[in-house]
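Tertiary structure, described
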Amino acid sequence: MKRPIHRWKSNSSHEHRPILRERYIIASCCLATFLLLVSNYWTVFKSYETNEQTTQQSFASRFERIFGTNVWCDNKFRRKYRLIEPEEGGGTCKEIRTISDLVSRCRDILKENRNNRACKYAVEYLQDETGKYLKGKEFEIFLRIVKSGVENPDSSIGCYAMTPNDYSTFQYFFDKVIRDYHGDLTGKKIHETDWDVGSEKDRFDLQKLGLGNDTSMRVRVARNLIGFNLPGAMEREERIVLEQTLLRVFDELKTNYGGRVYSLTPKFGPSGKNDNLISKDLYEELVDGHVMFKDMSSDPYLNSAGISNDWPYGRGCWQSEDKTRIVWFGEEDQLRIMTMQRGSNLIDVFSKLNEILATIESIGAVTFAKHEKYGYITSCPSNLGTAMRASVHVKVPKLTAGGSDVKVKAICKPLNLSVRGVGGEHTPIGVDGTVDISPSSRLFVKENQIIDMLYKGIERLMDAENNLKA
Ligand code: ADP
Ligand code: MG
């Protein structure tokens, strides 16, 4: 006997139809929910690719509001999409438990140093509608952000972001610090990037200003990566993962420019041996040669911020064969990328740096974190924007007579130039009167303007030096 092909078309079909309709409805609902979820996740994934922080933040906070935690987000998105887990404040911040504790501590500090921006704007923020309801994890994270300024009253900025998103999450606080420090009275400026210095080759040749053709020139930029906490919130494991991620970048740089990686990480843990580990002596040699950065664990500001934690894990650098290109990893920012050489044409170091940045970005292993208003994201708000410091070692024996930098600093301040020692920040000037001169501006200024400012600043500094009687 022939079996009916469609049972529901038999006499009893009228009994099956409602059940089938229900199933269709349920299946359609499931499909619609699934598509909605997929499109939601797609938006979030895309936002992480482009570092579109409002979407990331609203997703994370929605998730946290519903489920009471963002741990799932953390695990699900792994490193690339990580959000920090706050920890207890250490040091003197341990006693600060509430907003009013923090406000009163900041007020005390301001009596001592009213230019401590972290304290000044924390007081305003925590009493304003935008900050006075901070609680739980958000408050703990905010405490970590201002911890350095609270523990070091003499700070002039005193705050460090813990994740790239902090500049958006705590924007009402950070925006005030940033616009005050970088001198934006309009409150509306938006950072723009421009490396174009035109085609005139000797436009910035320091020999025209009387400097020698063996002048030490250096340009560096700070960069941090999407998907990692900023150094203040990184744990040892994450610092190692960052170093291992960078090895792919360094392999490519070695292909293009040769050279080698110098690492201070004693061991990578279960994930393997560190072939780039160097001896203590070699490390000291590299520091003396201005190739590596100094031991950060003795810096009280960075200690309070958590930036120097886990020293020396995840710390090191790559240097090219010709020694002129260097990439630091694990200092105040995840990356400090620089070109440094003796010569006289500033365009040489400037263009080389632009080229190496393009090379790193083209590898596709890492993405630099950027903010729509503040340019490249850095741990300290003072470095935002170009994150660039372009410096030249200039000999000014008359202005530094007697080994003092007071006169040279007085001349440089109105020129918007910073004066540092020959070993970098917080080091003494050279015995022959050599100082490190760099434009102070980083944000709301373009890269090509920084080079221009450096050149013009040195021109005026040399005029002052030459006009001084010996
Ligand atoms: P940054 O914060 O820009 O990295 P630092 O002041 O911390 O600079 O100095 C870091 C290192 O770079 C130090 O060893 C310093 O001597 C070196 N350095 C900076 N500028 C120059 C320069 N023009 N020539 C040689 N070394 C330099
Ligand atoms: Mg430095």
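The rules behind the values
Residues numbered from 1 in each chain as written. Chains lettered and ligands numbered in written order. Predicted model: local features only at pLDDT ≥ 70, side-chain atom pairs only at ≥ 80, totals over all residues. Heavy atoms only, no water. Near = heavy atom within 4 Å. Polar contact = N/O pair within 3.5 Å; in protein donor to acceptor, adjacent residues only side chain to side chain. Areas by Shrake-Rupley, 256 points an atom, 1.4 Å probe, with all protein chains shown as cover. Nonpolar A, V, L, I, M, F, W, Y, C, P; charged D, E, K, R; others polar. Pairing = 2+ DSSP bridges. Helix = DSSP H or I, 4+ residues; strand = E, 2+ residues; numbered from the N terminus. Axes fitted to C-alpha atoms, helices over the stretch in contact; angles between N-to-C directions. Contact = heavy atoms within 4.5 Å. pLDDT = per-residue confidence, 0-100. Buried < 20%, exposed > 50% of the residue type's maximum accessible area, 1.4 Å probe, protein only. Expected span 1.5 Å × (residues − 1). Salt bridge = Lys/Arg side-chain N within 4 Å of Asp/Glu carboxyl O. Phe/Tyr/Trp six-rings, centres within 6.5 Å; stacked < 30°, edge-to-face > 60°. Core = buried A, V, L, I, M, F, W, Y, C linked by side-chain atoms within 4.5 Å.

Next up on the list: the site of ligand 1. In the vicinity of ligand 1, 18 residues are found, and the nearest of them are Ser216, Arg220, His290, Arg389 and Arg420. Interatomic distance of 2.7 Å between a side-chain N/O atom of Arg220 and an oxygen atom of ligand 1. Take Asp436: an N or O atom from its side chain is 3.2 Å from a nitrogen atom of ligand 1. Here ligand 1 loses 93% of its free accessible area of 560 Å² to cover by the protein chains. Partitioned by chemical class, the residues of the shell around ligand 1 number five nonpolar, six polar and seven charged.

The eight strands are arranged β2-β3-β4-β5-β1-β8-β10-β9 in an open sheet whose pairing can be described as antiparallel. Among the strands making up the open sheet, the edge pair consists of β2 (260-263) and β9 (417-420). Strand-to-strand twist across the sheet, computed as the mean angle between neighbouring axes with direction ignored, equals 20°. Of the strands in this sheet, β2, β3 (316-319), β4 (325-329) and β5 (335-343) are in contact with helix α9 (residues 236-257), which crosses β4 at around 175°.

Bringing the confidence of the model for the chain into the picture now. For the chain, the mean per-residue pLDDT works out to 88, and 85% of the residues sit at or above 70. Confidence drops under pLDDT 50 across residues 49-54; counting only partners more than four residues distant or on other chains, this segment forms 17 contacts. The low-confidence segment residues 68-86 (pLDDT under 50) makes 52 contacts with residues lying over four places distant or belonging to another chain.

On to the environment of Val445, then. Mapped onto the elements of the fold, Val445 is located in the loop between β10 (434-439) and α14 (447-467). Overall, the relative accessible area of 5% leaves Val445 in the buried class. Here the alpha-carbon distance between Val445 and His191, two residues 254 residues apart in the chain, equals 7.0 Å. Apart from the residues within four sequence positions on either side, Val445 is in contact with His191, Glu192, Thr386, Ile450 and Met453.

In this section: α9. Taking 1.5 Å per residue, 22 residues should reach 32 Å; α9 reaches 30 Å between its end C-alpha atoms and fits that length. Listed as buried for α9 are Glu238, Arg239, Ile240, Leu242, Glu243, Thr245, Leu246, Val249, Phe250, Leu253 and Tyr257. Buried-residue contacts for α9 involve β2, β3, β4, β5 and α12 (346-363). Of the residues one or two after α9, Gly258 is the one with positive phi, at around 70°.

Under the definition given, this model contains 22 salt bridges. Linking Asp405 and Lys409 is a salt bridge whose minimum nitrogen-to-oxygen distance equals 3.3 Å. A residue is classified by how much of its surface remains accessible, and Asp405, at 25% relative accessible area, is partly exposed. Ionic contacts of the salt-bridge type, sharing partners, join the residues Glu331, Glu332, Asp333 and Arg336 into one network.

Let us now look at the packing of aromatic side chains. Applying the stated rule across the entire model yields 15 aromatic pairs. For the ring pair Tyr167 and Phe174, a centre distance of 4.6 Å and an interplane angle of 50° mean the geometry is tilted. Comparing Tyr167 with Phe174 shows no difference in burial state: the two are buried. One aromatic cluster is present, formed by Tyr125, Phe142, Tyr167, Phe170, Phe173, Phe174 and Tyr374 through successive ring pairs.

All right, on to the pairing of β10 then. If a strand is regular, its side chains alternate between the two faces of the sheet. The element β10 is extensively covered by neighbouring structure, given that six of its six residues are classed as buried. Neither face of β10 is left uncovered, since the one carrying Thr434, Asp436 and Ser438 and the one carrying Val435, Ile437 and Pro439 both have all their residues buried. Summarising the sheet, β9 and β10 pair through four bridges and their orientation is antiparallel. Looking at the pairing, Arg420 lines up with Asp436 of β10.

All right, on to the nonpolar core then. Within the largest apolar cluster, 62 residues are counted, with the highest numbers of intra-cluster contacts made by Leu102, Phe142, Val146 and Phe173. Ignoring anything within four residues of it in the chain, the contact list for Leu102 reads Ile96, Leu126, Phe139, Phe142, Leu143, Val146 and Val150.

What follows is about the side chain of Arg179. If you trace the backbone, Arg179 turns up in helix α8 (residues 171-181). Arg179 sits in the buried class, given a relative accessible area of 7%. From its side chain, Arg179 meets the backbone oxygen of Lys189 in a polar contact 3.0 Å long. Among all residues touching Arg179, those that are not within four sequence positions of it are Asp184, Gly187, Lys188, Lys189, Lys373, Tyr374 and Phe444.

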